[in-house]
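Listed below are the residues making up each chain.
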Amino acid sequence: MPSGNWIARRAGGVVEAAICYSGDLTDPKRTKYTLDYYCKLAKELVDAGMHVLAIKDMAGLLKPRSAALLVSTLRKQFPDLPIHVHTHDTAGAGVASMLAAAEAGADVVDVAVDSMSGTTSQPSMGAVVAALQGTELDTGLQIPHVTTLSEFWEQARNLYAPFEATATLKSGGADVYTHEIPGGQYTNLHFQAFSLGMAHQWPEIKKAYTAANLLLGDIIKVTPSSKVVGDLAQFMVTNKLSALQNCYSLECWGGATFDVALRFLHECPWERLRLLRKAVPNIPFSMLLRGANAVGYTSYPDNAVYRFCELAKQEGMDVFRVFDSLNYVPNMVLGMDAARKAGGVVEAANP
């Protein structure tokens with residue numbers, strides 16, 4: 001993001017940096033995407049020099065109370081910073097959330113003209129305009145003008161009716177707070193299921209989407225990561241797979257885990273492993289071990305590799321899948337011996 005910010009600023013553009021919203025701020029059980037997480041991310045973006053802060057709620061998960069809490073906190077932290085809130089109305093609570101965001105200090109909230117609003121689109125413009133009339137946040141727009149605009153787009157919409165998701169999708173639902181499918185993906189995924197003859201399995205696909213997201217680490221779901229979750233969900237339903245059905249081991253750790261956790265997520269990879277083991281106590285865990293490179297990108301001293309495998313086994317690792325990118329066996333031997341002496345199951349891989 002810093003490079004994109006620098007390029008846009010150099011070109012004389014206005015830089016609007018977006019925070020992708022996920023989870024539920026008001027649920028104490030959801031501890032990954034917390035208020036502190038969003039505040040720290042916003043601080044990083046402000047320090048990078050952006051002009052406008054956007055809250056991108058791509059699935060419509062921002063409930064009214066969460067919107068008020070997040071926006072008011074960011075407004076106190078950055079009193080002069082323009083704040084823009086984007087959401088989808090999949091659950092039907094979009095109007096209430098945008099009103100709460102506006103009252104909490106947001107400068108801009110996204111809406112859609114009435115005839116194009118609702119479900120996986122944005123909240124109704126007319127509803128927001130009407131709700132704010134006569135208040136300090138009165139938009140100055142007149143309902144007759146909004147209605148005229150809506151009527152025009154209603155006629156235009158009829159021209160494209162054969163291509164609309166509404167041919168198969170008639171409504172959203174509050175279960176979006178569970179499956180967290182982004183608005184833009186929701187319609188595409190539903191139409192894809194319909195085209196593949198899986199329309200009757202749509203409820204199963206939504207449940208599988210929830211399971212797939214958790215298997216992948218409860219990730220931020222926005223293109224392209226959301227497609228990964230969606231493809232896995234459909235694969236699970238097509239092949240009649242549950243999250244851990246017939247699971248020999250759950251591969252959840254390795255070199256990429258350390259790299260991503262330390263450099264990008266600013267998390268402790270050991271703590272991540274401990275939490276995973278606590279959540280999944282009865283399935284063997286497996287990891288990739290790069291031989292003498294352990295989970296790094298260079299060869300380490302023998303004692304470091306032995307100690308690493310020892311700690312990994314203590315923290316919950318069971319299966320060590322040892323490999324070398326060039327199939328150089330001498331480089332794998334150290335890793336295999338270290339994993340075996342640590343008490344782990346050694347699986348030698350041949351790329």
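Everything below is about the structure shown above.
Please read these numbers as outputs of a predicted model, since none were measured by experiment.

What counts, and where the lines are drawn
Here, residues in each chain are numbered from 1, in the same order as that chain's written sequence. Side-chain atom pairs in this predicted model are given and counted only at pLDDT of 80 or more, local residue features only at pLDDT of at least 70, and totals for whole chains, interfaces and linings cover all residues. The side-chain numbers reported here are obtained from all heavy atoms of the structure, hydrogens and water having been left aside. Throughout this description, buried means an accessible area under 20% of the type-specific maximum (1.4 Å probe, protein chains only), exposed means over 50%, and partly exposed covers the range between. We count a stretch as a helix when DSSP gives it H or I for four or more residues in a row; a strand needs E for two or more, and each element gets its number in order from the N terminus. To form a nonpolar core, buried Ala, Val, Leu, Ile, Met, Phe, Trp, Tyr and Cys residues must be joined to one another through side-chain atoms within 4.5 Å. Pairing of N or O atoms within 3.5 Å defines a polar contact, subject to two protein rules: one partner must be a possible hydrogen donor and the other a possible acceptor, and residues neighboring in sequence count only if both atoms are side-chain atoms. Contact definition: two residues touch when any of their heavy atoms are within 4.5 Å. A pair of strands is considered paired only if DSSP assigns at least 2 bridges between the two. In this analysis, axes come from line fits to C-alpha atoms, helices being fitted only over the stretch in contact, and the angle between any two N-to-C directions falls in the range 0 to 180 degrees. Salt bridge criterion: a side-chain nitrogen from Lys or Arg within 4 Å of a carboxyl oxygen from Asp or Glu.

Q: For this particular structure, what's the right way to read helix α4 (residues 94–104)?
A: Think of an α-helix as turning once every 3.6 residues; residues three or four places apart then point the same way. α4 sits mainly inside the fold: eight of its 11 residues count as buried. Within the sequence span of α4, burial applies to Gly-94, Ser-97, Met-98, Leu-99, Ala-100, Ala-101, Ala-102 and Ala-104. Just beyond α4, the residue with positive phi is Gly-105, at close to 125°.

Q: What's the story with the nonpolar core in this structure? I'm lost.
A: Side chains that are nonpolar tend, in soluble globular proteins, to be buried together. Judged by nonpolar contacts, the single largest core of 30 residues is most densely connected at Tyr-21, Leu-53, Ile-55, Leu-70, Leu-74 and Val-85. When residues of this core are traced back to their parent elements, those giving at least two are β1 (16–20), α2 (35–47), β2 (52–56), α3 (64–77), β3 (83–86) and α4. Within the second largest apolar cluster, 26 residues are counted, among which are Trp-253, Phe-258, Leu-273 and Ala-292.

Q: Looking at this structure, I do not really get the side chain of Arg-321. What am I missing?
A: With respect to the helices and strands, Arg-321 occurs in strand β7 (residues 319–322). A distance of 2.7 Å separates a polar atom in the side chain of Arg-321 from a polar atom in the side chain of Glu-347. If near-sequence neighbours (up to four positions away) are discounted, Arg-321 is found in contact with Glu-251, Ser-286, Met-287, Leu-288, Leu-289, Glu-347 and Ala-349.

Q: Would you take a moment to explain the environment of Ala-104 for this structure?
A: Structurally, Ala-104 is set in helix α4. Judged by its relative accessible area of 18%, Ala-104 is buried. Ignoring sequence-local partners within four residues, the contact set of Ala-104 consists of Ala-68, Val-71, Ser-72 and Arg-75.

Q: Would you take a moment to explain the sheet that holds strand β8 (residues 345–348) for this structure?
A: Two strands in a sheet stick together by hydrogen bonds in their backbones, pointing the same way (parallel) or opposite ways (antiparallel). One open sheet holds the four strands; their spatial order is β5-β6-β7-β8, and the pairing between them is parallel. Sheet topology places β5 (250–253) and β8 at the edges, where each strand pairs with a single neighbour. Mean inter-strand twist for the sheet, computed between neighbouring axes without regard to direction, equals 35°. In this structure, β7 lies alongside β8, joined through four bridges in parallel fashion.

Q: It is not clear to me how the environment of Gly-23 should be interpreted in this structure. Could you clarify?
A: Residue placement: Gly-23 occurs in the loop between β1 and α2. Since its relative accessible area comes to 6%, Gly-23 is described here as buried. Distance in space between the C-alpha atoms of Gly-23 and Leu-61 is 7.1 Å, their sequence separation being 38 residues. Every residue in contact with Gly-23, bar those within four places of it in the chain, is listed here: Arg-30, Tyr-33, Leu-61 and Glu-180.

Q: In this structure, what is going on with the pattern of salt bridges? I would like to understand it.
A: When charged atoms on two side chains of opposite charge get close, those side chains can pair. Under the counting rule described, the total for this entry stands at 19 salt bridges. Between Asp-24 and Lys-63 there is a salt bridge whose closest N-O contact spans 3.1 Å. Taken as a pair, Asp-24 in the loop between β1 and α2 and Lys-63 in the loop between β2 and α3 lie far apart in primary sequence, 39 residues in all. Relative accessible area serves as the criterion here: at 29%, Lys-63 is assigned to the partly exposed category. A salt bridge links Arg-277 to Asp-318; its shortest N-O distance comes to 2.7 Å. In this pair, Arg-277 sits in helix α12 (residues 269–279) while Asp-318 sits in the loop between α13 (302–314) and β7, placing the two residues 41 residues apart along the sequence. A single network of salt bridges, built from pairs that share partners, joins Arg-30, Glu-180, Asp-218 and Lys-221.

All we've got here are geometric facts, nothing functional implied.
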